[in-house]
There are 6 protein chains.
Amino acid sequence: MKRTVYFGAGWFTPKQELAYDKAMHALKNNLSVDLVHSYVPLEHQYKGIRVDLNPEYLHDLEWSNGTFNGDILGIKSTDVALFIYVPTEEDIGCGVELGYAKAINKTIIVAIPDEEWGEPINLMSFGAADSFIKLSELNKYDFTKPEYKFYEGEVY
Amino acid sequence: MKRTVYFGAGWFTPKQELAYDKAMHALKNNLSVDLVHSYVPLEHQYKGIRVDLNPEYLHDLEWSNGTFNGDILGIKSTDVALFIYVPTEEDIGCGVELGYAKAINKTIIVAIPDEEWGEPINLMSFGAADSFIKLSELNKYDFTKPEYKFYEGEVY
Amino acid sequence: MKRTVYFGAGWFTPKQELAYDKAMHALKNNLSVDLVHSYVPLEHQYKGIRVDLNPEYLHDLEWSNGTFNGDILGIKSTDVALFIYVPTEEDIGCGVELGYAKAINKTIIVAIPDEEWGEPINLMSFGAADSFIKLSELNKYDFTKPEYKFYEGEVY
Amino acid sequence: MKRTVYFGAGWFTPKQELAYDKAMHALKNNLSVDLVHSYVPLEHQYKGIRVDLNPEYLHDLEWSNGTFNGDILGIKSTDVALFIYVPTEEDIGCGVELGYAKAINKTIIVAIPDEEWGEPINLMSFGAADSFIKLSELNKYDFTKPEYKFYEGEVY
Amino acid sequence: MKRTVYFGAGWFTPKQELAYDKAMHALKNNLSVDLVHSYVPLEHQYKGIRVDLNPEYLHDLEWSNGTFNGDILGIKSTDVALFIYVPTEEDIGCGVELGYAKAINKTIIVAIPDEEWGEPINLMSFGAADSFIKLSELNKYDFTKPEYKFYEGEVY
Amino acid sequence: MKRTVYFGAGWFTPKQELAYDKAMHALKNNLSVDLVHSYVPLEHQYKGIRVDLNPEYLHDLEWSNGTFNGDILGIKSTDVALFIYVPTEEDIGCGVELGYAKAINKTIIVAIPDEEWGEPINLMSFGAADSFIKLSELNKYDFTKPEYKFYEGEVY
């Protein structure tokens, strides 16, 4: 038995990119995750267009509606909403996805880079998640047996 | 007929504080808003304790659970979720609240400071909101007659 | 105390148009309805464009997304979802709205033209609604005191 | 890995019946669908009674409540809500199911007979679905990897 | 500004009946409650039939479905779900309503008879409610300004 | 194909404990249930602390919030909400869970001890469940093919 995940993560700063890559690597080795059928937003930009590489789409309503609807589809069609979360560079996109996933009653796991474990996080992220783990635990975390666990660090 | 609002806003940077104050001032003059029965999170910190002024509560689970549950109560017990949104300093707490409000089918209005109107905002905020207005329009905006309207600026 | 309604109705056949007009007339006289703040989809076509009069918009994704999102906003921002329902000419648009309103736990009232009262209706409409009334009762129906009531006619 | 589907389809006109049979045949050959554990409403009429063959049940509240609740159970207990959708003969029952499935955040796929691909469909069906495919693609469509896709035809 | 309430309460033991009557009396004097438009289940038994006085309906599916659907309508069509809750004689019907109200994001207030304040209550009721008050506070409680507040007594 | 279940049951009276043990034994033999990945609340008390054996936690907000959130996680992360339900000793905790599971559209099965089959149950439990079975049927019940079925006993 494996679980599919929605891979929520920012990719807008070096720290976020580093955490993103580490997390993706860990998931590939995680035996409880069905990565092939998981949903990675960057691989589902509408019609394959990445707006960061094609800035002319920044104003395109077809692209933005299609990509937004795709991300929502990703959250609702997978088993677990996973977030790669950097406390010192919180990503608002992950915030919206966290709140949405909470309200539609998805299981929510938040992975935090080890070097930032304990750093303050926003109160709303604290309350929306079901469990917090360190990024170094991600490769072995059992997604088929989630347990509720509060964040051990600070909340602001 | 008036509407109650959930007042979603960051208060962590000077820009956010400025927008916060302007918005609060505008709401006091808005005839379509019942401000007395609206929910302003800063006025509902658990047991009246503001964690920024009382940092010893940063680790207190009673405080953090109570305040998070209070904010959720604020969203569900009011008519409209309003967000004061600074594109260049997006607040992740507002992000979670936006996603939650979207998923429980609340009406969502996002007000953006005039000087930042058109600046890129996160795709997920774009898709979660029902209408975007300029902060200068907030004092006259009719909350009893919301219209769907896409953001006119960029989306990243 | 008055209630706002979402005015769900087809306008694609003479029978539907007749029922539409009768219903609108009745609502104007209904003392329990706040018609000014109710949501009538035909009055909220995106940017004021009616696609039946402007067929070049039939393929326009901005128009169709904007109008769809507007109708969803109408359902979620009003107190009661009202449907003008012609059993012999059921409208699929009302069907989608009925199902959506049911799932988000809105109060749902279905008004049926007197001359078609008792005619078979689809099983899913039967189950989604909270109460069925005759169109001739609409002008006096008390929207502030809804009662659960099964349809008395046939179901197919 | 396979997905279970809710098989939403009308069976009230020759065109609908033809599409129904083609779709069922395609699903039997679709390797991504677990048809044995999918929910086909016609096979779950309350106590095995089909009201079209037993018209004395048209007024029976036990039958109608039981069958409606069964269909809702079908939608909520399966992975994907699939609709066989004939644009020129839209079925209101599918409409209610579409709206319900949308609001409870199910993945929604709409299959349209090839010869009607591009024909106008109701705006609300357009907005409720996650992806539109041709009926001829149904036997190979990968239900384990849904992608968001707008309808390419007209919307009214 | 007043709020409508769903009046959740058992009426199966002398203690429950006593609390029921006291609560109803208090609500009549509460200036923040619109009692006329509130929903009191005992006044909405299907077709006015009370099954405790008409035991022949204990097996009647029309009656039981109609009454259940009416109670759900009561929860969804009012502003606040209020429960009169006797810790030593907890009522399972209120339990189901509490859970339902929580999941559809209603504001939930639980009033406990003064003489039982602090007595252990079930963990799930503890977590579902937004605020706990004493029955003696009910006549002055401001339903237009709910605050989140944990139960001060024991939880089992 | 197997299904995971949330194991809802009281453990506060000898009758409830007996039913609890019989049910757990039956599930171990049920080929359609993946018991290893199911959620049994007693095995998930926060930090492994059972409040009945450690009464000093009766007032501990961290324990009570953590355990409540864990039970909600159990309901949302499993396929079916199963309740072991003793009509003569209904458990309010199961009531809240039933209502919650109903509102978030989970499949709900209620198993009743054979010797109490037909005894009156609360109307709200009647309406929230999708199917009622006897406890003696639990070891062979096919959780992968739920059918809607009304309770055959009395409702009060």
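Since this is a predicted model, take the numbers as computed values, not measurements. (Residues numbered from 1 in each chain as written. Chains lettered and ligands numbered in written order. Predicted model: local features only at pLDDT ≥ 70, side-chain atom pairs only at ≥ 80, totals over all residues. Heavy atoms only, no water.)

Trainee: Looking at this model, I keep getting lost on the packing of aromatic side chains. Mind explaining?
Mentor: Aromatic ring pairs are described here by two measures, namely the spacing of the ring centres and the angle between the planes. Residue and element names in this part refer to chain F. Tallied over the entire structure, the rule returns 60 aromatic pairs over all chains. An angle of 85 degrees between the planes, with centres 4.9 Å apart, marks the rings of Phe7 and Tyr20 as edge-to-face. Of this pair, Phe7 sits in strand 1 (residues 5-9) while Tyr20 is found in helix 1 (residues 14-29), placing the two residues 13 residues apart along the sequence. Both residues of the pair, Phe7 and Tyr20, belong to the buried class. (Phe/Tyr/Trp six-rings, centres within 6.5 Å; stacked < 30°, edge-to-face > 60°. Helix = DSSP H or I, 4+ residues; strand = E, 2+ residues; numbered from the N terminus. Buried < 20%, exposed > 50% of the residue type's maximum accessible area, 1.4 Å probe, protein only.)

Trainee: Even after reading the chapter, I still don't get the pattern of salt bridges, so can you show me in this structure?
Mentor: Should their charged atoms come close, side chains of opposite charge can pair. All names here are of chain C. For the structure shown, the criterion picks out 30 salt bridges over all chains. Put simply, Lys15 and Glu116 hold a salt bridge, and the shortest N to O gap is 3.0 Å. Within this pair, whereas Lys15 is found in helix 1 (residues 14-29), its partner Glu116 is found in the loop between strand 3 (107-112) and helix 4 (123-128), the two being separated by 101 residues in sequence. Overall, Glu116 belongs to the buried group, its relative accessible area being 6%. (Salt bridge = Lys/Arg side-chain N within 4 Å of Asp/Glu carboxyl O.)

Trainee: What's the story with the pairing of strand 3 (residues 107-112) of chain D in this structure? I'm lost.
Mentor: Regular strands show a simple pattern: their side chains alternate between the two faces of the sheet. All names here are of chain D. In terms of residue burial, strand 3 counts as a mostly covered element, since six of its six residues are buried. Taking every second residue as pointing to the same face, both faces of strand 3 are buried, with Thr107, Ile109 and Ala111 on one and Ile108, Val110 and Ile112 on the other. Summarising the sheet, strand 2 (residues 80-84) and strand 3 pair through five bridges and their orientation is parallel. Looking across to strand 3, one finds that Phe83 is bridged to Val110. (Pairing = 2+ DSSP bridges.)

Trainee: Can you walk me through the relation of the copies chain E and chain F in this structure?
Mentor: Note on the chain copies: they are related by a rotation about an axis and a translation along it. At an RMSD of 0.0 Å, chain E and chain F line up after a rotation of 180 degrees and a shift of 0.0 Å along the axis. Taken together, the rotation and translation relating the two chain copies correspond to the operation of a two-fold axis. When you check the interface residues of chain E against chain F, 100% turn up at the interface there too, and the contact is symmetric in its surfaces. (Least-squares fit on C-alpha atoms with pLDDT ≥ 70 in both. Contact = heavy atoms within 4.5 Å.)

Trainee: What's the story with the relation of the copies chain B and chain A in this structure? I'm lost.
Mentor: The two copies are related by a screw motion: chain B maps onto chain A through a turn of 180 degrees and a shift of 0.0 Å along the axis, at an RMSD of 0.0 Å. Comparing contact sets, 100% of the residues at the interface of chain B also lie at the interface in chain A, consistent with an isologous, same-surface contact.

Trainee: So what exactly am I meant to see when it comes to the side chain of B:Ser131 here?
Mentor: Within the secondary structure, B:Ser131 sits in strand 4 (residues 131-134). Setting aside residues no more than four positions away along its own chain, B:Ser131 makes contact with B:Ile108, B:Ile109, B:Val110, B:Tyr141, B:Glu147 and B:Lys149.

Trainee: What exactly am I supposed to notice about the confidence of the model for chain A here?
Mentor: Low pLDDT marks stretches whose predicted atomic positions should not be read closely. Chain-level pLDDT for chain A is 95 on average; 100% of the residues reach the 70-or-more range. Both scores are given for the predicted complex: the pTM is 0.97, the ipTM 0.96. (pLDDT = per-residue confidence, 0-100.)

Trainee: Quick question: what am I supposed to make of the environment of C:Ser125 here?
Mentor: Inspection of the secondary structure puts C:Ser125 in helix 4. For C:Ser125, a relative accessible area of 1% gives the class buried. When the C-alpha positions of C:Ser125 and C:Lys102 are compared, they lie 9.9 Å apart, and in sequence the two are 23 residues distant. Apart from the residues within four sequence positions on either side, C:Ser125 is in contact with C:Tyr85, C:Leu98, C:Phe132, D:Ile92 and D:Val96. Within the local environment of C:Ser125, its side chain forms a polar contact with the side chain of C:Tyr85, the two groups lying 2.7 Å apart. (Polar contact = N/O pair within 3.5 Å; in protein donor to acceptor, adjacent residues only side chain to side chain.)

Trainee: Could you clarify how one ought to interpret the interface of chain B and chain A in this entry?
Mentor: Between chain B and chain A, the residue contacts involve 39 residues of the former and 39 residues of the latter. For the chain B and chain A pair, buried surface summed over both sides reaches about 3,400 Å², with 79% attributable to carbon and sulfur atoms. Summed over the three residues of chain B that lose the most area to chain A, namely B:Phe68, B:Ile92 and B:Met124, the buried surface amounts to 22% of that side. There are zero salt bridges connecting chain B and chain A. Taken together, chain B and chain A are joined by two residue pairs in polar contact (both at pLDDT 80 or more). Among the elements of the structure, helix 2 (61-77), helix 3 (92-103) and helix 4 (123-128) of chain B are those that each provide at least two residues to the side of chain B that touches chain A. At ten residues, helix 3 of chain B tops the list of elements feeding residues into the side of chain B that touches chain A. (Buried area = accessible area lost by both parts, 1.4 Å probe.)

Trainee: Would you mind showing me how to read the sheet that holds strand 3 (residues 107-112) of chain B here?
Mentor: All names here are of chain B. Pairing is parallel across the open sheet formed by four strands, whose spatial order is 1-2-3-4. For this open sheet the edge positions go to strand 1 (5-9) and strand 4, each flanked by a neighbour on one side alone. In this sheet, neighbouring strand axes are inclined to one another by 25 degrees on average, regardless of whether the strands run parallel or antiparallel. Across the sheet, helix 1 (residues 14-29) lies against strand 1 and strand 2 (80-84), angled at about 165 degrees from strand 1, the strand it touches most. (Axes fitted to C-alpha atoms, helices over the stretch in contact; angles between N-to-C directions.)

Trainee: Looking at this model, I keep getting lost on the sheet that holds strand 1 (residues 5-9) of chain E. Mind explaining?
Mentor: Sheet strands associate in pairs through backbone hydrogen bonding, adopting either a parallel or an antiparallel arrangement. All names here are of chain E. Here four strands make up an open sheet; going across it, the order is 1-2-3-4 and the pairing parallel. Two strands bound the open sheet, and with one partner strand each, they are strand 1 and strand 4 (131-134). Along the sheet, successive strands turn relative to each other by an average axial angle of 25 degrees, direction set aside. Sheet analysis places strand 1 next to strand 2 (residues 80-84), joined by five bridges and oriented parallel. Its bridge partner lying in strand 2, Val5 is registered against Val80. Strand contacts of helix 1 (residues 14-29): strand 1 and strand 2, with the helix running at about 165 degrees to strand 1, the strand carrying the most contacts.

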